[in-house]
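# Examining the three-dimensional arrangement
Listed below, chain by chain, are the residues.
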Amino acid sequence: MKKILYLECNSGISGDMTVGALLDLGADREVLENALESLGVEGYHLHFGRAVKCGLDAYDFDVHLEEGADDQDGHHHEDHDHHHEDNAPHYEDHNHHYEDHNHHQEDHNNHHEDHNPHYEDHAPHHEGHAPHHEDHGHTHENHTHTHNHTHAHRNLHDIYKIIDRLNSSDKVKAKAKHMFDIVAEAEAKAHGLPIEQVHFHEVGAIDSIVDIISVAVCLDNLGIEEVVVSPLAEGRGHVRCQHGVIPVPVPATANIAAAYGLELQLTDNQGEMVTPTGAAIAAALKTSDKLPPSCRIKKIGMGAGKKDFKQANVLRAMILETEAESRDQMWILESNIDDCSGEMLGFAMELLLEAGASDVWYTPVYMKKNRPAYMLSVLCREEKVKELEELVLIQTTTIGIRKYPVERTVMNRRIEQVETDHGTAKVKVCEYEGRVFYYPEYESVTAICRKTDIDFQSVYDEIRKKATEQL
């Protein structure tokens, strides 16, 4: 079975929505809290609850900053009751509000969530950075705040030091750093500065840091390796930020979308729906733009946004499973070449296979003017098309490439080891509709042949027989 995470961004994407969706899918809350606790700083607590959006129940995750708290680096926290200003209409539904607190009732002047039917479980937690609430409305990380406290600025190196304190795997830390790299690159381009001179204001605030680290931790906890991201729905109009009034999508979000090929779908909603943090998460996690031809939905999670639109403001995440032997979409790249030496063609094949092509082959053909030539064919996955096209254009004399999608049916297969009278050998075990086939690996067969002087066919048959007995 192959497990895929699908992020359906029909209401855009933000950090808190993504964390909520992953927790709703079953990511372990205790694992997340322990990971964040390992950062060893104070000044915030986490909110884990439920919210209703257009009648849909969704997971509501939020980071609440505690007024007057100082982090261990000496930075003073702002009052988290700041104003997120954009031109999106803010609708408030003063329905009943149900809460379950693990500690004292929270001051509602410090609470800027929508008032949909809502119940909470507040868990105390610790962190220590200048606050920014990623209010998916979706508000820009650089909005004007009303506060009387000193605002903490941090560069990318400062944020790296925070992430390095995380008690988690190097893979999780690398994923979190990659997301911040993406934001830093986008902000550097927007402000016309070298990346080392970019200082994170609200983007580097504690809730954004917690959101990004939480996404990396939850994704790892769910065992997700492949992520499909839908087009990102985005609003229109303008938002007010630290530098004035800027258009939607905001420059950092637009830069990320352009740099990483994220598809934006503009809606008639006024205001921001894709935050820079959300765009960075989509760019860093995405391994494919397209869903498999067929799959089964194993679980659905929904993360709640903080504002209301005419559609349900949720990020829907689905864990999908596909059969390993199901049809698999690939791409074929082709070029007819009549002026390239055999040495050059051989080298090109080596480079293409090393770069991730699933297969490469040459076919003798006749071209115009009866010229003998070779047709180069490359089989690869969609995400490899651009890289392999460049190799073909650079490493051969062709001036053009044809490409088209194909489907293939692939058996479920794995490599096993068997013991023979002449040593250990590897066998490829393939399964199809209840039948099992054993194919000895070429390298194992030839190694035994060279060691024993036994002919290839005899060694092959012996390995296959042992595989049938032992596996």
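Residues numbered from 1 in each chain as written. Predicted model: local features only at pLDDT ≥ 70, side-chain atom pairs only at ≥ 80, totals over all residues. Heavy atoms only, no water.

Let's shift gears to helix α7 (residues 276-285). Because an α-helix completes one turn every 3.6 residues, residues spaced three or four positions apart along the sequence face the same direction. Most of α7 is tucked away, with 10 of its 10 residues classed as buried. Where α7 is concerned, the buried positions are Pro276, Thr277, Gly278, Ala279, Ala280, Ile281, Ala282, Ala283, Ala284 and Leu285. (Buried < 20%, exposed > 50% of the residue type's maximum accessible area, 1.4 Å probe, protein only. Helix = DSSP H or I, 4+ residues; strand = E, 2+ residues; numbered from the N terminus.)

Let's shift gears to unusual backbone geometry. Outside of glycine, negative phi angles account for most residues, and trans bonds account for most peptide bonds. Cis geometry marks the peptide bond from Val248 to Pro249; its omega dihedral reads 0°. Mapping Pro249 onto the fold places it in the loop between β9 (244-247) and α6 (251-260). Positioned with a positive phi, Cys54 is a non-glycine residue whose angle comes to about 50°. Mapped onto the fold, Cys54 is located in the loop between β2 (44-53) and β3 (56-65). One non-glycine residue, Glu433, adopts positive backbone phi at about 50°. In this structure, Glu433 sits in the loop between β18 (423-432) and β19 (435-440). Note on Glu433: relative accessible area 67%, which makes it exposed.

Further remarks concern helix α9 (residues 385-395). Of all the residues in α9, the buried ones are Val385, Leu388, Glu389, Leu391 and Val392. Take α9 and look down its axis: the buried residues cluster within an arc of 160°, on one side only. Along α9, the residues that are exposed and aim more than 90 degrees away from the buried face are Lys386 and Ile394. (Arc of directions from axis to C-beta.)

All right, on to the confidence of the model for the protein then. Looking at the protein as a whole, its pLDDT mean stands at 81, while 79% of the residues score no less than 70. The model gives residues 69-151 a pLDDT under 50, and that stretch makes 296 contacts with residues more than four places away or in other chains. (pLDDT = per-residue confidence, 0-100. Contact = heavy atoms within 4.5 Å.)

Read from one edge to the other, the open sheet built from 3 strands follows the order β17-β18-β19, with strand pairing classed as antiparallel. Each of the sheet's edge strands pairs with one partner strand only, and the pair in question is β17 (412-420) and β19. Within the sheet, the average angular offset between the axes of one strand and its neighbour, ignoring direction, is 30°. In terms of strand pairing, β17 meets β18 through 9 bridges, oriented antiparallel. Bridge pairing in β18 links Glu419 to Thr424. (Pairing = 2+ DSSP bridges. Axes fitted to C-alpha atoms, helices over the stretch in contact; angles between N-to-C directions.)

By the definition in use, this model includes 19 salt bridges. Salt-bridge contacts for Lys403 lead to Glu389; the nearest nitrogen and oxygen are separated by 3.1 Å. Of this pair, Lys403 sits in strand β16 (residues 402-409) while Glu389 sits in helix α9; the two residues are 14 residues apart in sequence, bridging distant segments of the chain. With a relative accessible area of 43%, Lys403 lands in the partly exposed category. Residue Arg414 is joined to Glu416 by a salt bridge in which the shortest nitrogen-to-oxygen separation is 2.7 Å. (Salt bridge = Lys/Arg side-chain N within 4 Å of Asp/Glu carboxyl O.)

With respect to the secondary-structure elements, Thr18 resides in helix α1 (residues 15-25). Among the residues examined, Thr18 registers a relative accessible area of 1% and is labelled buried. Apart from the residues within four sequence positions on either side, Thr18 is in contact with Ile13, Val215, Ile281 and Leu315.

It is worth spelling out the packing of helix α5 (residues 206-221) against α7 at this point. Close contact between α5 and α7 brings their axes to 11 Å; oriented N to C, the two are set at 25°. In terms of their interaxial angle, α5 and α7 are classed as roughly parallel. Relative to α7, the crossing made by α5 is right-handed. Here α5 contributes Ser208, Ile212, Val215 and Leu219 to the contact with α7, which in turn contributes Thr277, Ile281 and Leu285. Across the contact of α5 with α7, the residue classes break down as 5 nonpolar, 2 polar and no charged. (Parallel < 35°, antiparallel > 145°, perpendicular 65-115°, else oblique. Left-handed = near helix turned anticlockwise from the far one by under 90°. Nonpolar A, V, L, I, M, F, W, Y, C, P; charged D, E, K, R; others polar.)

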